[in-house]
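Chain by chain, the residues:
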Amino acid sequence: MGVVVSRARPAAARIATADAVAVDGGGGMADFGVEPLSAVASELRQALMPEEVEEVVLLADRPGAVPYALPLELPPPGHALRERGLALLWARTVTVAAAVVGTSRLRLVTKCDETFERLKADFDAHPKVTSHLEQYGEFSLTRALPEDVPAELRAMPFLSARGGGVADEPLLGTNE
């Protein structure tokens, strides 16, 4: 699946999304730049030296299930790409909570207070997102410890075929 992004607008004006949408800049209804989040993450990985990376893990909780854990590599505070990295964190967090897992209970593993505070501020700035997530229960965003991260990352909390709770093993595997 590919994406064509009009380069007529500066990078800051492009919108990152999980969807891959073709845009030709020809004045049609979709006359805006779109990038898949995987392309943004790849750009950041290529631009950062390993010692520069701020490693964070997003945990999306569902009752009775192992949390869905998504690791992200962000530019550290003060880096020229920091805002782009924080935008990626916001987009991935909303995507995981609303579309992948379906939860209102989120936790973030990070050593950087600024990263957590920014994610909180993003939710505060977008109350309709929080309201949407509350269909799954009361919204919460808290810090987590590294030991809260499950051994298997990005494992979906699938329900058993009999509807009697969480399956012993994922029914469809992982998102790897």
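The shown structure was predicted, so the numbers you read here are calculated from the model rather than taken from an experiment. (Residues numbered from 1 in each chain as written. Predicted model: local features only at pLDDT ≥ 70, side-chain atom pairs only at ≥ 80, totals over all residues. Heavy atoms only, no water.)

Participant: Quick rundown of the side chain of E35? Include the residues and the values.
Facilitator: Structurally, E35 can be placed in strand β2 (residues 34-36). When its relative accessible area of 6% is taken as the criterion, E35 is described as buried. At 2.9 Å, the side chain of E35 forms a polar contact with the side chain of R84. (Helix = DSSP H or I, 4+ residues; strand = E, 2+ residues; numbered from the N terminus. Buried < 20%, exposed > 50% of the residue type's maximum accessible area, 1.4 Å probe, protein only. Polar contact = N/O pair within 3.5 Å; in protein donor to acceptor, adjacent residues only side chain to side chain.)

Participant: Before we move on, can you summarise the environment of T142 with the specific residues and values?
Facilitator: Tracing the sequence through the fold places T142 in strand β6 (residues 140-143). The spatial distance from the C-alpha of T142 to the C-alpha of V109 is 9.0 Å, given a sequence separation of 33 residues. Excluding residues within four positions of it along the chain, T142 makes contact with L106, R107, L108 and F116. (Contact = heavy atoms within 4.5 Å.)

Participant: Mind laying out the pairing of strand β5 (residues 105-109), listing which residues take part and the relevant values?
Facilitator: Counting buried positions along β5 gives four out of five residues, so the element sits mostly inside the fold. Of the pairings in the sheet, the one linking strand β3 (residues 54-61) to β5 comprises five bridges and is antiparallel in character. Bridging from a neighbouring strand, L58 pairs with L108 of β5. Where β5 lies against β6, four bridges are found, and the strand directions are parallel. Its bridge partner lying in β6, R105 is registered against S140. (Pairing = 2+ DSSP bridges.)

Participant: Please set out the sheet that holds β3 residue by residue, giving values where relevant.
Facilitator: What the four strands build is an open sheet, ordered β4-β3-β5-β6; its pairing is mixed. What marks the edges here is a single partner per strand, and that holds for β4 (68-74) and β6. Strand-to-strand, the axes of this sheet are offset by a mean angle of 20 degrees, without reference to chain direction. In the packing of helix α2 (residues 82-101) onto the sheet, contacts are made with β3, β4 and β5, and the angle to β4 comes to roughly 165 degrees. (Axes fitted to C-alpha atoms, helices over the stretch in contact; angles between N-to-C directions.)

Participant: Residues and numbers for the confidence of the model for the protein chain, please.
Facilitator: Across the protein chain, pLDDT averages 79, with 69% of residues at or above 70. Long-range and interchain partners of residues 159-176, a stretch whose pLDDT sits below 50, account for 27 contacts in this model, where long-range means more than four residues apart. (pLDDT = per-residue confidence, 0-100.)

Participant: Can you tell me about the side chain of E54, naming the residues and giving the values?
Facilitator: For E54, the position within the fold is in strand β3. Residue E54 is classed as buried on the basis of its relative accessible area, which comes to 9%. Each residue touching E54, except ones within four places of it in the same chain, is listed here: L72, E73, L74, P75, P77, R82, T110, C112 and T115.

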